[in-house]
Amino acid sequence: MKSYTKHLKISKQLKALIEGTNIGNQLYWYDQKLKNILGWSGIKKFVAFELSSKEEDDIAGNYSVSRLYHGNPISDGLEASGATVWNYTKLKNPPIIENDEICQLLEQNADAIINEYKDNINKIITHPDNNSLAKDGNWSGIFLYGVGGKKDERYEEFFKETYELIDQLPISKNFGFVLISKLSAGVKILPHCGSSNLRYRYHLGLDVPEPNKVKIRVGTKWQHWKAGKAFGFDDSFEHEVLHEGEKDRVVLIVDVWNPNLTKEEIAIFDNHLFHEFGTRAN
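A. Seen up close, the overall build of the chain. Each helix and strand counted, the chain has 9 helices and 15 strands in total. For a compact globule of 282 residues, the expected C-alpha radius of gyration is about 19 Å, and the chain comes in at 19 Å, within 12% of that figure. Judged by the C-alpha coordinates and their principal axes, the chain covers about 55 × 40 × 40 Å. Across the chain, every contact between residues at least 6 apart in sequence was considered, and the portion connecting residues at least 24 apart equals 76%. The positive charge centre, built from 35 side chains, and the negative charge centre, built from 39, are 5 Å apart in the chain.

B. Structural detail: the sheet that holds strand β1 (residues 27-29). Pairing in this open sheet of 3 strands is antiparallel, and the strands run β2-β1-β3 from one edge to the other. Among the strands making up the open sheet, the edge pair consists of β2 (32-33) and β3 (86-88). Pairing between β1 and β2: 2 bridges, direction antiparallel. Bridge pairing links Trp 29 to Gln 32 in β2.

C. How the structure looks around the pattern of salt bridges. Applying the stated criterion to the full structure yields 11 salt bridges. Between Arg 201 and Asp 235 there is a salt bridge, with its nearest N and O atoms 3.2 Å apart. You can see Arg 201 sitting in strand β10 (residues 199-207) and its partner Asp 235 sitting in the loop between β13 (230-233) and β14 (239-243), a full 34 residues away along the chain. Classification of Arg 201 by relative accessible area gives buried; the value is 8%.

D. Examining the environment of Gln 13 more closely. By the secondary structure assignment, Gln 13 is in helix α1 (residues 2-17). Spatially, the C-alpha atom of Gln 13 lies 9.9 Å from that of Leu 38, the residues being 25 residues apart in sequence.

E. The pairing of strand β12 (residues 221-224), seen in detail. Examined bridge by bridge, strand β11 (residues 214-218) and β12 share 4 bridges and lie antiparallel to one another. Note on β12: the bridge partner recorded for Arg 217 is Trp 222. Hairpin connection, β11 to β12: the antiparallel pair is bridged by 2 residues, and Gly 219 has positive phi, about 65°.

F. Broad picture of the nonpolar core. Counting 30 residues, the largest nonpolar core has Leu 106, Leu 144, Ile 180, Leu 206 and Leu 252 as its most contacted members. When contributions to this core are tallied by element, the ones reaching two or more residues are α4 (101-108), α5 (110-119), β7 (139-145), α7 (160-166), β8 (178-183), β10 and β15 (249-257). Within the second largest apolar cluster, 29 residues are counted, among which are Ile 37, Ile 43, Val 85 and Tyr 88.

G. Expanded view of the side chain of Glu 210. Mapped onto the elements, Glu 210 comes out in the loop between β10 and β11. Among buried charged residues, Glu 210 stands out as having no salt bridge; its nearest opposite-charge side chain is Lys 213, 4.3 Å away. Among the polar contacts made by the side chain of Glu 210, one reaches the main-chain amide nitrogen of Lys 247 at a distance of 2.8 Å. Residues contacting Glu 210, with those up to four places away along its chain left out, are His 243, Gly 245, Glu 246 and Lys 247.

H. The packing of aromatic side chains, seen in detail. All chains considered together, the criterion is met by 21 aromatic pairs. For the ring pair Trp 86 and Phe 277, a centre distance of 5.9 Å and an interplane angle of 50° mean the geometry is tilted. Here Trp 86 is found in strand β3, whereas its partner Phe 277 is found in the segment after α9 (272-276), with 191 residues between them in sequence. Relative accessible area serves as the criterion here: at 4%, Trp 86 is assigned to the buried category. Taking relative accessible area as the criterion, Phe 277 reaches 1% and is therefore assigned buried. Between Tyr 155 and Phe 159 the ring centres are 6.3 Å apart and the planes differ by 85°, which places this aromatic pair in the edge-to-face class. One aromatic cluster is present, formed by Trp 29, Tyr 30, Phe 46, Phe 49, Tyr 69, Trp 86, Tyr 88, Phe 175, Trp 257, Phe 269, Phe 274 and Phe 277 through successive ring pairs. One residue, Lys 215, lies across the ring of Trp 222, its end atom 4.6 Å from the ring centre.

I. Inspection of the packing of α1 against helix α3 (residues 40-52) at higher detail. The contact between α1 and α3 brings their axes to 9 Å, and the two run at 150°. One element, α1, and the other, α3, form an angle in the roughly antiparallel class. The crossing of α1 and α3 is right-handed. Here Tyr 4, His 7 and Leu 8 of α1 lie close against α3, whose contacting residues are Trp 40, Gly 42, Ile 43, Phe 46, Val 47 and Glu 50. Of the residues assigned to the contact of α1 with α3, the class counts are 6 nonpolar, 2 polar and 1 charged.

J. Representation of α4 in the model. Among the residues of α4, those classed as buried are Ile 102, Cys 103 and Leu 106. For α4, the angular spread of the buried residues around the axis is 100°, confining them to a single face. Those residues of α4 that are exposed and aimed more than 90 degrees away from the buried face are Glu 101 and Gln 108. Where α4 is buried, its residues meet β4 (96-98), α5, α7, β10, β13 and β15.

What counts as what
- Each residue is numbered by its place in its chain's sequence as written, counting from 1.
- In view of the model being predicted, local features appear only for residues whose pLDDT reaches at least 70, and side-chain atom pairs are presented and counted only at 80 or more, with totals across whole chains, interfaces and linings using the full set of residues.
- Note: side-chain values were computed over all heavy atoms of the structure, leaving out hydrogens and water.
- A run of H or I in DSSP becomes a helix once it reaches four residues, and a run of E becomes a strand once it reaches two; helices and strands are each numbered from the N terminus.
- C-alpha atoms define the radius of gyration, and 2.2 Å times the number of residues to the power 0.38 defines the globule rule.
- Any pair of residues with heavy atoms lying within 4.5 Å of one another is described as a contacting pair.
- Charged residues are defined here as Lys and Arg on the positive side and Asp and Glu on the negative side; His and the ends of the chain fall outside this count.
- Working definition for charges: the position is that of NZ of Lys, CZ of Arg, CG of Asp or CD of Glu.
- Strands qualify as paired when DSSP identifies two bridges or more between them.
- Take a side-chain nitrogen of Lys or Arg and a carboxyl oxygen of Asp or Glu: if they are within 4 Å of each other, that pair is a salt bridge.
- Exposure categories follow from relative accessible area, calculated using a 1.4 Å probe and restricted to protein chains: below 20% of the type maximum is buried, above 50% is exposed, and the middle band is partly exposed.
- Residues belong to one nonpolar core when they are buried, are Ala, Val, Leu, Ile, Met, Phe, Trp, Tyr or Cys, and are joined through side-chain atoms within 4.5 Å.
- What qualifies as a polar contact is a pair of N or O atoms within 3.5 Å, subject to a donor-acceptor requirement within protein and to the restriction that residues adjacent in sequence count only when both atoms come from side chains.
- Geometry of aromatic contacts follows a simple scheme: Phe, Tyr and Trp rings, the Trp one being its six-membered ring, pair when their centres are within 6.5 Å, and the pair is stacked under 30 degrees between planes, edge-to-face over 60, tilted otherwise.
- Geometrically, a lysine NZ or arginine CZ counts as sitting over a ring once it is within 6 Å of the ring centre and also within 35 degrees of the ring normal.
- Whenever a helix is involved, its axis is fitted only over the stretch in contact; in every case the axis is a line through C-alpha atoms, and angles between N-to-C directions fall within 0 to 180 degrees.
- Every angle not falling under 35 degrees, over 145, or within 65 to 115 is termed oblique; those three ranges are roughly parallel, roughly antiparallel and roughly perpendicular.
- For any helix crossing, the convention is left-handed if the near helix is rotated counterclockwise from the far helix by under a right angle, and right-handed if that rotation is clockwise.
- Amino acid classes used here: Ala, Val, Leu, Ile, Met, Phe, Trp, Tyr, Cys and Pro are nonpolar; Asp, Glu, Lys and Arg are charged; the rest, including Gly, are polar.
- Picture the helix axis, draw a direction to every C-beta atom, and the arc is the one those directions span.

These figures capture arrangement, not role.
In structure tokens:
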């Protein structure tokens, strides 16, 4: 009951926030239009889901977030966004982009970021998706910003220049994170779609000793990493990683706002209500 009371409160605030926009018609939460699951309509669907589901309570969990409902994405993610949680259908993005302003800024600061990473290799811990997505190996990293926009203050003194760069970027704190990601040799990250197309993900190569032996597929396109070079991609497309080399690959991952969002839309989506919507009360 506490979770449903929370949902009603957030729904009322969210309805007021998006009033006068078409967001309620174009934004999907799982397989439901947002406008159809605000207030009591949402509670009815969530209760029906809980009564019919035989899965564990955290079936829709993502990074320790437990939600009241879970549905299949509205697309398979090969030719269009297959975002698993938030899919804003008005957005049309190429799966991969290179050499834009953010790529250039990342590359201009690559040496400083690489040096800070090398000085702090020992701080890497297991990635939360390691068990579910990393086949035959180890996926680990350092979350500089966690999901929900929380900066990990433990790392500020060790990654000063990296944080200075991050502060220059339009980080999507509600829907993404900033991570130094290490993939061990021989790992395959299984095909999956990211949780939202409201963000756009950038990778900067930090340590890529075998650039021809490690690659990522986004939608139907393949891309290789190179040390000191960056590219962006819409990770709500289905993507997978193949590491066929013998040495670790390390990249900086930065999630920014989708470049096709307006300033007005970003101001709305930046509200904490979107991060809390449909989550269980503590």
